[in-house]
Amino acid sequence: MLRFIVGRLITILPVLFGVSVVIFILAHLAPGDVTTVLTGPFATEATREVLRQALGLDRPLPVQYIKWLEHILQGDFGKSIANRREVIELILPKFLNTAILALVSAFFAYVVGFFVGMFAAARAHSFFDRISMSVTLILGNTPPYWLGLLIVLLFSLNWRLLPATGMVNMIDGGGPVDVIRHLVLPALTTAAAPAAIVARMVRASMLEILSQNYVKVARAKGIPRRKILRRHALRNALPPIVTICGLQLGYLLGGVLFVEVIFAWPGIGNQLWQGIIARDIPTIQGATLLVALAFIFVNFSVDVINAFLDPKIRLSEGVRRQ
Amino acid sequence: MSDHTSSVSRKASNDAGRVSAATAWQIRRERFRFHLRTLKLAWYAYAKDKAALGALVFFVIVAFLAIFAPYVSPYDPAEAVAGINSPPFAEGLILGADVDGRDILSRLFWGGRIALLVGIGPTFAATVVSLMLGIVAGYVGGWVDQVIMRVMDILFAFPLVLLAIVIAGVMNPGVGTVILAIAIALAPYIARLVRTTTMNVKQQPYIEAARAAGAGTTAILVRYIFPNMVAPVLVYATTLIGLMMVVGSGLSFLGLGVQPPDADWGTMVAEGRGVLRKAPHATVFPGLVIVFVSLAFNFIGDGLRDALDPRARSR
C-alpha cells in the first residue's frame, strides 16, 4: 500500500512541473503584455520598455519561468493588478469558501446519486428506475448556469424561500445558520448534474455486476436479495464507482465556477471571473494554480482509496491508472 | 468485421494486376456493394432505436433552422421589433421579446449557428488532433508514447471547464477563442481513448498477419488501425458535442465568447439574467434549447453505438 502511494506521488511530480509551465504560459497567451495593463493606454513605448526591464520581461522565457517559479514556491503569486493586493491574500480565503461549496455539493451529489443509482439497479426497469433515469438524463445535460437561474427564479424570486446571492446577509448576517441558508441553492445547482451522472453510472456498474455468474450462484444458494446486493454486488461495484466519483469532481469543480458567478458566492471561481474581466493575470494564475492543485490532490486521493478497495490495483504498485 | 473483409478484398485487388480489367472492376463493385450493405445494416440498427431516430430528426431541423436563419427567422435578430420583455404570443412574437425588444425566436435561430459551431467545432478539431497523437502514441510506443501521454496528463490535471475558461479568458473574446480553448481542454480525453484502442488493435493477430504479408507501417495504420478507431471515436465525440455545447454556451454566458449584439444561446441566457423576474421567458427558452440539443446528441451517440458496434449492449 505504501509502495503504491509513493509510486503515485512520484508520477505527480512531473505533472506539477507541467502544470506550473502551463500556468506560466497563460500569461503570455494574453494579447499585448502586462506593461500595457499596468501603464494604461496613454503610456509611451519608452515607459513601457523601462517597466519591462524592471519586471524582467526582456529576459528569455526560461529565465523568467525559473524566477516566477521561485516566487510561486514561496507562496508569492505577485500583486493583483486590479486591486493592488497580494494575490495569495486575495485567493486563499476565497479558496476556503469554494471548498465549502464544493464539498457540500459533492456530498449531496454522491449521496443522492449513489442511492438513486442503487435503488434503480435493484429494481431495474421498474417505474422508479424509468422515472429516475429520465430525470437524471435531463439533469446531466442541463447547463449549471441555466439551472442556477431557474432555481433562483423559483426559490428566491417567486417563493422567497432562500437568498439568491452572497454567502452571508449584509445586515446582521454571519453565523453558521446564515451561511447554510445561503449555501442551499448554489450547492443544489452544483450538485444536480454530477448527482445525475453518478446515479446513472452507479446503476450501470451495479447492473453489470448483478449479471455476473457469482451473483447467480449466490441467488441459487438462496442468499437473500439484500445480502447479495450489499455483500456481493456493492463490494465489487465500488472501485469503478469511486473512479467515477473522482472524475465527476472535475465536472463539479467546473460547475462551481459558473455557480459562484450566478450566486455571487465569494469563491475562487468568482474571483477568477473578476480577474478575467479585469485582465488581472496574476490573480488568474493564482486561482488556476490553486484549483489545479486541489484537483490533483483529489485525483490522488481517489487512486489511493481505490487501491485500498481493490487489491488488483494495489498490487500493480503505482503503475498509472488507465 | 469490415476490416476482415477489406483485407481479403485487398489481397484480391493485389492479384488484380494479373487478372483482366473486367475482373478488377467486378471486385471493386463487390467491395462497394459490401460497404453499402454494411452501411444499410448500421442504419437499420440505428433506426431501430426510436429515441436516436427522433433525436436525429430534431437535430436536422435545428441545424436547418440555424443554417438558413437569414431566410427562416421572422425578424432581424438585432433589431427591436416589439415592446421590451414582451411575453410570448403577445405582439405577434411566438416566444416573446427580450430585454431590448428583439424577437427571441429569431435570435434562437441565429444563435443556433454559433452554439452548434461551438459544440461541433472544438470536438471536431480535438478529435482530429487526438487521432494523430493517440495513434502515434499507441502504435509507436516507447518514449514517443511517454512524451505525448505525459503532456496529456498535465492537461488532465486541470478540470476541463477551468482550463477552457482560463484559456479563453486570457485571450481576446470571440468564437474562435472559445473553439480553440475547448479544443485544447478536450483533446486529452479523446487522445486517451484513441491510444487505448490503438494498443488493443495492435495486438490483434490480423495486424501480425498483415505485417508478415509485407504491409508497411503506413498501410497498417491506414487500413487496419484507423478503421477500428471510427466506431469508438465517433460515438464518444458525438456524445461530447452536446456537452461541449453546454460548456461553450457557458463561456459565452461569462462573456468570453461571441460579443453583443450577436446572439448565442449562452449570451441569451446571460442577457435574460437581469430581468429574470420580469421576463423569465428570455432566460428559459434559450436554456431549454441548449438542454434539448445536448440531449439529442446524447441519443444520437447511443444510437451510433448500437449501429457501429453490434457487440455493445444498448442500455
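Residues numbered from 1 in each chain as written. Chains lettered and ligands numbered in written order. Predicted model: local features only at pLDDT ≥ 70, side-chain atom pairs only at ≥ 80, totals over all residues. Heavy atoms only, no water.

Thoughts on the overall build of chain B
And step 1. Looking only at helices and strands, chain B has 12 helices and 0 strands in total.
And step 2. Overall, chain B shows an N-to-C arrangement of helices and strands of α-α-α-α-α-α-α-α-α-α-α-α.
And step 3. Projected onto the principal axes, the alpha-carbon positions of chain B cover approximately 75 × 45 × 35 Å.
And step 4. Here the contacts in chain B between residues at least 6 apart in sequence split such that 69% fall between residues at least 24 apart.
And step 5. Accessible surface for chain B amounts to roughly 14700 Å². Of this, 67% is attributable to carbon and sulfur atoms.
And step 6. A gap of 13 Å separates the mean positions of the 27 positive and 19 negative side-chain charges of chain B. (Helix = DSSP H or I, 4+ residues; strand = E, 2+ residues; numbered from the N terminus. Contact = heavy atoms within 4.5 Å. Areas by Shrake-Rupley, 256 points an atom, 1.4 Å probe, with all protein chains shown as cover. Lys, Arg positive; Asp, Glu negative; His and termini not counted. Charge placed at Lys NZ, Arg CZ, Asp CG, Glu CD.)

Comments concerning a positive patch on the surface
All names here are of chain A.
And step 1. Together, Arg226, Lys227, Arg230 and Arg231 line one region of the surface with positive charge.
And step 2. Mapped onto the elements of the fold, Arg230 is located in helix H10 (residues 225-263).
And step 3. Owing to a relative accessible area of 55%, Arg230 belongs among the exposed residues under this scheme. (Patch = residues over 30% accessible without salt bridge, like charges linked within 9 Å, V, L, I, M, F, W, Y side chains within 5 Å. Salt bridge = Lys/Arg side-chain N within 4 Å of Asp/Glu carboxyl O. Buried < 20%, exposed > 50% of the residue type's maximum accessible area, 1.4 Å probe, protein only.)

What to know about the domain arrangement of chain B
It is common to report an interface's size as the accessible area lost on association of the parts.
All names here are of chain B.
And step 1. Per the domain assignment, the segments of chain B are domain 1 (1-48) and domain 2 (52-314).
And step 2. Look at where the C-alpha atoms of domain 1 and domain 2 centre, and you get two points 33 Å apart.
And step 3. Between the two partners, domain 1 and domain 2, sit 0 salt bridges.
And step 4. For the interface between domain 1 and domain 2, the tally reads 1 residue pair in polar contact (both at pLDDT 80 or more).
And step 5. When residues of the side of domain 1 that touches domain 2 are traced back to their parent elements, those giving at least two are helix H1 (2-15) and helix H2 (21-48).
And step 6. At 5 residues, the largest contribution of residues to the side of domain 1 that touches domain 2 is made by H2.
And step 7. Classifying every residue of the side of domain 1 that touches domain 2 by side-chain character gives 5 nonpolar, 1 polar and 2 charged. (Domains from an automatic or database assignment. Polar contact = N/O pair within 3.5 Å; in protein donor to acceptor, adjacent residues only side chain to side chain. Nonpolar A, V, L, I, M, F, W, Y, C, P; charged D, E, K, R; others polar.)

Re the packing of aromatic side chains
And step 1. All chains considered together, the criterion is met by 16 aromatic pairs over all chains.
And step 2. Pairing Phe114(A) with Phe115(A) gives two aromatic rings, centres 5.5 Å apart and planes at 85 degrees, and the pair type is edge-to-face.
And step 3. A relative accessible area of 46% places Phe115(A) in the partly exposed class.
And step 4. Seen from their ring centres, Phe64(B) and Phe68(B) are 4.8 Å apart, and the 45 degrees between their planes marks the pair as tilted.
And step 5. Sitting over the ring of Tyr139(B), Lys202(B) keeps its end group 5.9 Å from the ring centre. (Phe/Tyr/Trp six-rings, centres within 6.5 Å; stacked < 30°, edge-to-face > 60°. Lys NZ or Arg CZ within 6 Å of the ring centre and 35° of its normal.)

Regarding the interface of chain B and chain A
And step 1. Chain B puts 44 residues into the contact, and the matching count from chain A is 48 residues.
And step 2. For the pairing of chain B and chain A, the buried interface totals around 4200 Å² over both sides, and the portion due to carbon and sulfur atoms is 73%.
And step 3. Seen at the junction of chain B and chain A, the total is 0 salt bridges.
And step 4. Counting across the chain B and chain A interface gives 10 residue pairs in polar contact (both at pLDDT 80 or more).
And step 5. Counting residues per element, the ones that place at least two in the side of chain B that touches chain A are helix H6 (142-156), helix H7 (160-170), helix H8 (175-202), helix H10 (217-253), helix H11 (265-273) and helix H12 (280-308) of chain B.
And step 6. It is H12(B) that contributes the most residues to the side of chain B that touches chain A, 11 residues altogether.
And step 7. Tallied by class, the residues present in the side of chain B that touches chain A amount to 28 nonpolar, 8 polar and 8 charged. (Buried area = accessible area lost by both parts, 1.4 Å probe.)

Digging into the pattern of salt bridges
And step 1. One pass over the structure, following the stated rule, counts 10 salt bridges over all chains.
And step 2. With a closest N to O distance of 2.7 Å, Arg8(A) and Asp303(A) form a salt bridge. Here Asp303(A) lies in helix H12 (residues 281-309) and Arg8(A) lies in helix H1 (residues 2-29), a separation of 295 residues in the sequence.
And step 3. With relative accessibility at 6%, the residue Arg8(A) sits in the buried group.
And step 4. As a salt-bridge pair, Glu271(B) and Arg102(B) come within 3.4 Å of each other at their nearest N and O atoms. On the criterion of sequence distance, the pair formed by Glu271(B) in helix H11 and Arg102(B) in the loop between helix H4 (69-72) and helix H5 (104-140) is long-range, its members being 169 residues apart.
And step 5. A relative accessible area of 6% means that Arg102(B) is categorised as buried.
And step 6. Where salt bridges share partners, they join Asp98(B), Arg102(B), Arg107(B) and Glu271(B) into one cluster.

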